[in-house]
Structure formats: structure tokens, C-alpha cells
Amino acid sequence: MIPDSLVMLMREAEQIVVLTGAGISAESGIPTFRQALTGLWAQYDPTELATPEAFRRNPQLVWDWYAWRREMVAAASPNPGHFALVEMEHHARQFRLITQNVDGLHARAGNNHIIELHGSLSRVCCEQHRHPADSWDDSAERPPRCRICDSLLRPDVVWFGEALPAKALEQAFAAARAAALFLTIGTSGLVQPAASLPLEAAQAGAILVEVNPEPTPLSSRMDYILPGPSGTILPALVRAVWPD
Ligand code: BJW
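What counts, and where the lines are drawn
Residues numbered from 1 in each chain as written. Predicted model: local features only at pLDDT ≥ 70, side-chain atom pairs only at ≥ 80, totals over all residues. Heavy atoms only, no water. Near = heavy atom within 4 Å. Polar contact = N/O pair within 3.5 Å; in protein donor to acceptor, adjacent residues only side chain to side chain. Areas by Shrake-Rupley, 256 points an atom, 1.4 Å probe, with all protein chains shown as cover. 1 Å grid on protein atoms, 1.4 Å probe; cavity = no way out; pocket = protein on both sides within 12 Å on 5 of 7 lines; lining within 4 Å. Sits in = over half its atoms within 2 Å of the grid points. Helix = DSSP H or I, 4+ residues; strand = E, 2+ residues; numbered from the N terminus. Buried < 20%, exposed > 50% of the residue type's maximum accessible area, 1.4 Å probe, protein only. Contact = heavy atoms within 4.5 Å. Pairing = 2+ DSSP bridges. Phe/Tyr/Trp six-rings, centres within 6.5 Å; stacked < 30°, edge-to-face > 60°. Lys NZ or Arg CZ within 6 Å of the ring centre and 35° of its normal. Right-handed = clockwise from strand over helix to strand, strands pointing away. Salt bridge = Lys/Arg side-chain N within 4 Å of Asp/Glu carboxyl O.

**Q** Now, about the site of the ligand: what can you tell me, with residues and values included?
**A** Close to the ligand lie 33 residues, the nearest being Y66, R69, G161, T187 and S188. Within the contact set of the ligand, a nitrogen atom lies 2.8 Å away from a side-chain nitrogen or oxygen of E27. At a separation of 2.9 Å, a nitrogen atom of the ligand approaches a polar backbone atom of S230. Protein chains bury 71% of the 1,500 Å² of accessible surface belonging to the ligand in isolation. Spatially, the ligand is embedded in the largest pocket.

Structural data, given as C-alpha cells:
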């Protein structure tokens, strides 16, 4: 299942860089971003809720959607795919993990070198000045208001049309350019600028590997495709490369 040539390349790679998307958390029971929602949220399209316009139009709806997701993530656990990346970090000479996910499951699994491109569900800040809020009471007004400037609180995540955190973005592109081997795991490769990272890595000479049960717009650029769920493929990959 894992080509011998890939095993050798991974063993010898000076720096392994990984980009993850929602697919790696699918086996933890967290729906992917472009998967239709079920239950209470079935009538909404996530790509239409994750926008500043949606928040301006209906802040309570967007706040409640994130509260629901925060609870779902708190009840979930990292899966074998997350844990395989902890092993990979342990064995690789140098390792960087770039994630588009806001669920914090990589950190909970035990990875150390994580670059979060799209923020974090666990942080909340105010709409106007991005003042961080450590605690909030949403029993009265939802969203609650910032204690400093009275603007509405929002999740500290990156919505469409918003700039990614400058430092994280800079670190991610630097890591991509330094990669000997770049793994793209569980992402549809549709959202920029994250989707440009594998191409930046390839331009600088990296070998590209994709782990995904479905083909993506990035698939044609890959050197290796490992089709299947990351919770199965990644543990098999780590076992093949570092058997002991
Ligand atoms: C499995 C699996 C299993 C299933 N195992 N795999 C250039 C060209 C065109 C457009 C743009 C461009 N540059 C910028 C844009 C606009 C826009 C964009 O990219 N639009 C495209 C959709 C066309 N980008 C932006 O707006 C970005 N901002 C920006 O560029 O700002 C510029 C600026 C500069 C200065 C000032 C101001 C502005 C921001 C993008 C922010 C994205 N935010 C979100 C929400 C985050 C918060 C939240 O989670 O609510 O990020 S949207 C959503 O998409 C989320 C995800 O991180 C992101 C990527 O999704 P992902 O992870 O790929 O998930 P899915 O669901 O799409 O795919 C899952 C995959 O898993 C699938 O392939 C499955 O097959 C697979 N899978 N089970 C492995 N078991």
C-alpha cells in the first residue's frame, strides 16, 4: 500500500512539512467543512456562515453555530490520524505541522510544532478591536459584548475575505519552501492561500504527497497519492517508514 520509494524519501527527508484540513478530524466525528450539516444546522451552508457578512446580518446565528461546534469538539477526541502525526514529529529530522483546522485536536494529540492558519475555536475576541476575551456570559445577550469596548464578541477564526494571521502565514510559507517532503492531508485544496502551500513547496523542490479518500484540484500536482481515510493511511505510513 505504501510505495517503497516513498518510504525511503520520508526516512531521508531533512524536513517534513504537513498541511491538514477538516478531513483529518472526520474520523473524530467532526463534520468536514464542505460536508452537508445534519440535525439543527441542516438548512445552513457552512461556507455561508463563516463570513463577516453572515455575522453582520445575523450575529446570534453565527455565534450559536460556533458554540455548537465548540461543544462538539470538546466532546471529541483525536483519532489515529492525529496520533500518527505525533509519531511523525517524533521521528522526522525536522517537522512542521500547518493546519487549517480550528478544532485544536493536533495539540490535544500531542504535536508541538503547529502553525494555525485559520485561528482557533477556543479563542474569542471582539469584533471591533480584536480584544481577547478569556471568559464570557452568553446567558443574557448572544453574542455577549466586549468588556473593554462594548462591541460584539466573535470567534477568533479567519472568515472568507479576512487576512490570515501574518506571522502564521509567514511561517507557513517559509516552512513550505524549506520542505523536502510536503504532505497534504484531508483538505479539499479549494481555499486560498492555504491551497498554494503545496505548490510553493514543489516549486522549491519538495516531493508532494496527498492523503485523501477523494481526488482534489491538487491531485494532478502530486508525486504520490495515498487514497483513503487518514485514520488508516497515516498509521500505516508511519509504521512503514519507522517500523520500530
Ligand atoms: C478526508 C476524510 C478522511 C474526508 N481522511 N480526508 C485566490 C483565488 C481565489 C480566491 C481567493 C484567492 N485568495 C483569496 C481568495 C478568497 C478566499 C478563497 O480561498 N476562496 C475560495 C473558496 C475560492 N480566501 C480567503 O478569503 C482567505 N483570506 C484571504 O485570502 O484574505 C486576503 C486578505 C489580505 C489582506 C487583507 C484582507 C484580506 C481566508 C480564508 C479563510 C477560510 N476560513 C474557513 C473558516 C475558518 C473558521 C471555521 O472553521 O469556521 O476555513 S472556510 C473553511 O475552508 C475553513 C477550512 O479551514 C477551509 C478549508 O477547508 P478544508 O479543510 O479543505 O475542508 P473541506 O471540507 O473543504 O475538505 C475536506 C476534505 O477532507 C475533502 O477533500 C474530503 O475528501 C477529505 N476527507 N474524510 C482524509 N477520513
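Back to the text.
**Q** Break down the side chain of N79 for me, with residues and values.
**A** Here N79 is to be found in the loop between α4 (59-75) and α5 (80-91). Residue classification places N79 among the buried residues on the basis of a relative accessible area of 3%. Within the structure, N79 has its side chain in polar contact with the side chain of S28 (distance 3.0 Å). With residues up to four places along the chain from it excluded, the contact list for N79 reads I24, S25, E27, S28 and G231.

**Q** Explain the sheet that holds strand β5 (residues 132-133) residue by residue, including any values.
**A** What the three strands build is an open sheet, ordered β5-β4-β6; its pairing is antiparallel. With partners counted over all chains shown, the strands left at the sheet margins are β5 and β6 (153-157), one partner each. Here strand β4 (residues 119-126) runs beside β6; their pairing, made up of five bridges, is antiparallel. Bridge pairing links V124 to P155 in β6.

**Q** Give a description of the packing of aromatic side chains that names residues and reports values.
**A** Summed over all chains, the structure comprises five aromatic pairs. Taking the centre distance of 6.3 Å and the plane angle of 70° together, the rings of F33 and W65 count as edge-to-face. Highlighted residues: F33 in the loop between β1 (15-20) and α2 (46-49) and W65 in helix α4, separated in sequence by 32 residues. Look at W65 and you get buried, because its relative accessible area is 2%. Pairing Y66 with W159 gives two aromatic rings, centres 6.2 Å apart and planes at 50°, and the pair type is tilted. In this pair, Y66 is assigned in helix α4 and W159 in the loop between β6 and α7 (166-178), connecting sequence segments 93 residues apart. Look at Y66 and you get buried, because its relative accessible area is 2%. Under the relative-accessibility criterion, W159 is labelled buried at 3%. Counting every residue linked through ring pairs, the aromatic cluster contains F33, F55, W65, Y66 and W159. The aromatic ring of W63 is capped on one face by R70, whose charged end is 5.8 Å from the ring centroid. Looking at R154, its charged tip hangs above the ring of W159, at a distance of 3.8 Å from the centre.

**Q** Could you give an account of the pairing of strand β8 (residues 207-212), with specific residues and numbers?
**A** Among the six residues in β8, five count as buried, and that is most of the element. Of the strand pairs in this sheet, strand β7 (residues 181-185) and β8 are connected by five bridges, and their pairing is parallel. Bridge assignment links I185 to a residue of β8, and that residue is V211. The parallel pair β7 and β8, bridged by helix α8 (residues 197-203), forms a crossover whose chirality is right-handed. Pairing analysis gives four bridges linking β8 to strand β9 (residues 224-227), with the strands arranged parallel. Following the sheet pairing, N212 is matched in β9 by P227.

**Q** Break down the pattern of salt bridges for me, citing the residues and quoting the values.
**A** One pass over the full model with this rule turns up nine salt bridges. Put simply, R93 and E14 hold a salt bridge, and the shortest N to O gap is 3.6 Å. In this pair, R93 sits in the loop between α5 and β2 (94-99) while E14 sits in the loop between α1 (4-12) and β1, placing the two residues 79 residues apart along the sequence. Among the ionic pairs, R145 bridges to E141, the shortest N-O distance being 3.2 Å. R145 sits in the partly exposed class, given a relative accessible area of 37%. Residue classification places E141 among the partly exposed residues on the basis of a relative accessible area of 39%.

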